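Results of the structural survey
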Amino acid sequence: MSHDHDRVHDELALRAAALEAVLVEKGLLTTDQIDAIVERYERDLGPQNGARVVARAWVDADYRERLLADGAAAIDELGYGGFEGDTMVVVENTPDVHNVVVCTLCSCYPWPVLGLPPTWYKSPAYRARVVAEPRSVLREFGLEVPSERTIRVWDSTSEVRYLVLPERPPGTEGMDEERLAALVTRDSMIGTGVPSLPA
Amino acid sequence: MGGMHGFGAVVTPGSDVVSHEEWELRVFALSTLVGTERLGAGSGRAIREEMDPAAYLRAGYYERWLWSTEQRLLRKGTMGEREVDGWVARLRGGEAVPRREDPGAAARSVEATTATDPLTSAPDARFGPGDAVRVRRMRPDGHTRCPRYARGATGVVEAVRGLDAFPDIGPYAGPEEPVYAVGFSSVDLFGPSPEGRWTVLLDLFDSYLEPA
């Protein structure tokens, strides 16, 4: 990081602390309220939740059907829901279709199942390019989608949030949900990756 | 910014993490609490789009959130213009950020983030699956959920998502309208490409569309 970059971030850290000080001093917020929200989004919400949803869909055909019919309701069955998950639609990868999700206008992302988005998801580069040159972008992630497979790019422009249901990897027959969930990567649920292969 | 050129690589060193510095998630938390505690006016997202466009692109993600959170507080009159600057000076002078604790309030704030407000069903929607629709040519002044790259293009409705408040009038305040998932061929949006064809799907409000 450059010296300038550090200086800018020091200024922003100071300004963020000053804003917190204003609100705490006025008695409008407490320190532990702020800590609790940070902890909630750092610890409780993350791709580990989405991975459980995907693993359940892989082992339970009825659950998969409910998940594809009403994403938010089926996700709520596993106890996940809340901000940025009011209406969740799950889109399924198949041998013919590869789905990938973006928010070209900002950074819409299904927080209850994936947590907060990674930096690249919020970057102008991803927002500008994945709708207009998806295969080049996916290649940067090391993902080569076969040419016979259609790519469907979901631009989250409304309050609907999208989760990709990736294909279950080969060689995982007989694995239980917990071991399957460990194969489900965050990127495989955005569509910029596929699940890990079993070791 | 869908379709714009010149931003370079998506995958770069450090791009895989959610945040880089502690202050970024504290700003996220402040922004969330300003909403749940009703301390601000307007929507953070719509306000961020009021930033000077060059400044918007130069700013980091949570830098935009910090700016919009301050704006929401100022617009509601929760704090005055110079208050943050005043505390910046006090922190520079060696004062610490004040601390207050209230475990009950902390638990209630976490609980508040689990609330949901799903789209409601739209039985009287003007379009249905299979209908061809054209995105209206328009140049909205302010927040919109209709990306520029889709305007004028023709697509096919794949699903009716439900009713939601029309965001262009006021964030979460406009009259409710049907929202449709509309699929577009990449050729109709971006012309021929060495990548071949793909489909881009957008969730579009009824007001953005006309029959094709």
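Just so it is clear, the model here is predicted, and its values are computed rather than measured.

**Some words on the overall build of chain A**
A count of helices and strands for chain A gives 11 helices and 4 strands. By its C-alpha atoms, chain A is 55 × 35 × 35 Å across when sized along the principal axes. For chain A, the proportion of its 199 residues judged to be buried stands at 54%. Within chain A, contacts between residues separated by at least 24 positions form 68% of all contacts whose residues are at least 6 apart in sequence.

**Considerations on helix 1 (residues 22-36) of chain B**
All names here are of chain B. With 15 residues, helix 1 should reach 21 Å at 1.5 Å per residue; the first-to-last C-alpha distance of 22 Å fits that figure. With respect to burial, helix 1 is a largely interior element, 12 of its 15 residues being buried. Among all positions of helix 1, only W23, E24, L25, R26, V27, F28, A29, L30, S31, T32, L33 and V34 are buried. In the segment just after helix 1, R38 is the residue with positive phi, at about 55°.

**Quick word on the interface of chain B and chain A**
Between chain B and chain A, the contact holds 76 residues from the first and 72 residues from the second. Those elements giving two or more residues to the side of chain B that touches chain A turn out to be helix 1, helix 4 (61-76), helix 5 (83-92), helix 6 (103-112), strand 2 (154-165) and strand 4 (199-205) of chain B. By residue number, the principal contributor to the side of chain B that touches chain A is helix 1 of chain B, which donates 9 residues. Here the side of chain B that touches chain A is built from residues that sort into 42 nonpolar, 16 polar and 18 charged.

**A closer look at the domain arrangement of chain B**
Considered domain by domain, chain B is made up of domain 1 (22-112) and domain 2 (132-211). Here domain 1 of chain B and domain 2 of chain B have C-alpha centroids that lie 32 Å from each other.

**A look at the pairing of strand 4 (residues 160-165) of chain A**
Residue and element names in this part refer to chain A. Burial runs high along strand 4: 6 of the 6 residues are buried. Taking every second residue as pointing to the same face, both faces of strand 4 are buried, with V160, Y162 and V164 on one and R161, L163 and L165 on the other. The pairing of strand 1 (residues 87-92) with strand 4 spans 6 bridges and is classified as parallel. Within strand 4, the residue paired with V90 across the bridge is L163.

**A word on the nonpolar core**
Counting 106 residues, the largest nonpolar core has V54 and V153 of chain A together with V182 and L204 of chain B as the members making the most contacts within it. If we ignore the near neighbours within four places in the chain, the residues touching V153 of chain A are V100, V102, V130, V131 and P134 of chain A together with W198, V200 and L201 of chain B.

**So, the domain arrangement of chain A**
Along its sequence, chain A is carved into domain 1 (3-43) and domain 2 (46-190). Between the C-alpha centres of domain 1 of chain A and domain 2 of chain A there is a distance of 31 Å.

**Points about the pairing of strand 2 (residues 97-102) of chain A**
Residues and elements named next belong to chain A. Most of strand 2 sits inside the fold, with 5 of its 6 residues counted as buried. With 6 bridges joining them, strand 2 and strand 3 (residues 150-155) adopt parallel strand pairing. By the bridge assignment, H98 is partnered in strand 3 with I151.

Procedures and definitions
- Residues numbered from 1 in each chain as written.
- Chains lettered and ligands numbered in written order.
- Predicted model: local features only at pLDDT ≥ 70, side-chain atom pairs only at ≥ 80, totals over all residues.
- Helix = DSSP H or I, 4+ residues; strand = E, 2+ residues; numbered from the N terminus.
- Buried ≥ 20, exposed ≤ 12 C-beta atoms within 10 Å, placed from the backbone.
- Contact = placed C-beta atoms within 7 Å.
- Expected span 1.5 Å × (residues − 1).
- Nonpolar A, V, L, I, M, F, W, Y, C, P; charged D, E, K, R; others polar.
- Domains from an automatic or database assignment.
- Pairing = 2+ DSSP bridges.
- Core = buried A, V, L, I, M, F, W, Y, C linked by C-beta atoms within 7 Å.

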